[in-house]
Amino acid sequence: MKEKLLISACLCGKNTKYSGGNNLIERLDELQQKYDLYLICPEVDGGLTTPRNPSEQLGEKVVSNKGVDVTNEFNLGSKIALEVALKNNIKKALLKESSPSCGTHKIYDGTFSGKKIQGMGVAAKLLKENGIEVYSDEEIEKLL
Ligand code: SF4
């Protein structure tokens, strides 16, 4: 039986990015051979539209580049991702690096200037706090 893997939907080619596009990874076929994939998009699942204004973490909040507080949507989508993992007994997640939801090592610094800092996206952090091993798309080889 294949192992289960929670994965950012945009990495699978779903057009869930804020811009309306995706972040399709080259090695999706290899992943699918090894894992049953469970797609999540915390921003869309939390009620945000696609396309949408980009958001960044600012302290405890998440705010769009238009100054709209989207913390509640981000928190809701993160909880939904965790529910999917717990309900299906999923132990590992592959998430899109640098996203304010899915980033596992880096996030943008909240100034919308393109500068990245060390940190985790809201969903990545919640998953990790609940015992899920989180990996970014930049370290996919650890899962293959
Ligand atoms: Fe991809 Fe995560 Fe952003 Fe959704 S929230 S588009 S899954 S990086």
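The residue numbers shown here count from 1 along each chain, following its written sequence. The predicted nature of this model means local features are confined to residues of pLDDT at least 70 and side-chain atom pairs, given and counted, to a pLDDT of 80 or more, with totals for whole chains, interfaces and linings taken over all residues. To get the side-chain values, all heavy atoms of the structure are used, and hydrogens and water are removed first.

1. A look at the layout of surface pockets
Defined as follows: Here a cavity means grid points, on a 1 Å grid over the protein atoms only, where a 1.4 Å probe fits yet cannot get out; a pocket means an open set of points with protein on both sides within 12 Å along at least five of seven lines; lining residues are those with an atom within 4 Å of a point. Grid points are joined across faces, edges and corners, and a volume is the space filled by probe spheres set on the points. Starting at the N terminus, helices and strands are each numbered in turn, a helix being any DSSP run of H or I of at least four residues and a strand any DSSP run of E of at least two. We call Asp, Glu, Lys and Arg charged. Ala, Val, Leu, Ile, Met, Phe, Trp, Tyr, Cys and Pro are nonpolar, and the rest, Gly among them, are polar.
Put simply, the largest pocket is a space of about 470 Å³. For the lining of the largest pocket, the secondary-structure elements that each account for two or more residues are helix 2 (42-45) and strand 3 (55-58). When the residues that make up the lining of the largest pocket are grouped by side-chain class, the tally is twelve nonpolar, eight polar and six charged. Put simply, the second largest pocket is a space of about 300 Å³. Lining the second largest pocket are 15 residues, and of these Gln57, Glu60, Asn75, Val122 and Lys125 sit closest to its centre. At the level of secondary structure, the elements contributing two or more residues to the lining of the second largest pocket comprise strand 4 (61-64), helix 3 (71-87) and helix 4 (122-129).

2. Quick notes on unusual backbone geometry
Here is the rule: Buried, partly exposed and exposed residues are distinguished by accessible area as a fraction of the type maximum, computed with a 1.4 Å probe on protein chains only: under 20%, between the cut-offs, and over 50%, respectively.
Going from Thr50 to Pro51, the amide bond is cis rather than trans, its omega being -5°. Along the chain, Pro51 falls in the loop between helix 2 and strand 3. Backbone geometry places Asn89, a non-glycine residue, at a positive phi of 55°. Relative to the elements of secondary structure, Asn89 occurs in the loop between helix 3 and strand 5 (92-95). Here the phi dihedral of Ser98 falls at roughly 75°; this positive angle occurs in a residue that is not glycine. Tracing the backbone shows Ser98 in the loop between strand 5 and strand 6 (106-108). Residue class for Ser98 comes out buried when judged on its relative accessible area of 6%.

3. A few points about the pattern of salt bridges
What counts is decided by this rule: Just to be clear on terms, a salt bridge is a Lys or Arg side-chain nitrogen sitting within 4 Å of an Asp or Glu carboxyl oxygen.
Within this structure, the stated rule accounts for eight salt bridges. One salt bridge connects Glu43 with Arg52, and the closest N-O pair in it is separated by 2.9 Å. Ionic pairing is found between Glu139 and Lys142, a salt bridge with its closest N-O pair at 3.0 Å. With a relative accessible area of 11%, Glu139 lands in the buried category.

4. Focus on the nonpolar core
Selection criterion: In plain words, nonpolar cores are sets of buried Ala, Val, Leu, Ile, Met, Phe, Trp, Tyr and Cys residues tied together by side-chain atoms within 4.5 Å.
Within the largest apolar cluster, 14 residues are counted, with the highest numbers of intra-cluster contacts made by Leu6, Ala85, Ala93, Leu95, Leu127 and Val134. Elements that contribute at least two residues to this core include exactly helix 3, strand 5 and helix 4. Counting residues per element, this core draws most heavily on helix 3, at three residues. Leu5, Cys12, Leu28 and Leu143 belong to the second-largest nonpolar core, a separate cluster that totals twelve residues.

5. Re the pairing of strand 5
Short version of the rule: Think of it this way: DSSP has to see at least two bridges between two strands before they count as a pair.
Alternating residues of strand 5 divide into Lys92 and Leu94 and Ala93 and Leu95, and every residue in both groups is buried. With two bridges connecting them, strand 1 (residues 3-8) and strand 5 associate as parallel partners. Each bridged residue has a counterpart across the sheet, and for Leu6 the counterpart in strand 5 is Ala93. Pairing of strand 5 with strand 8 (residues 133-136), which is carried by four bridges, proceeds in the parallel orientation. Residue pairing in the sheet places Leu95 in a bridge with Ser136 of strand 8.

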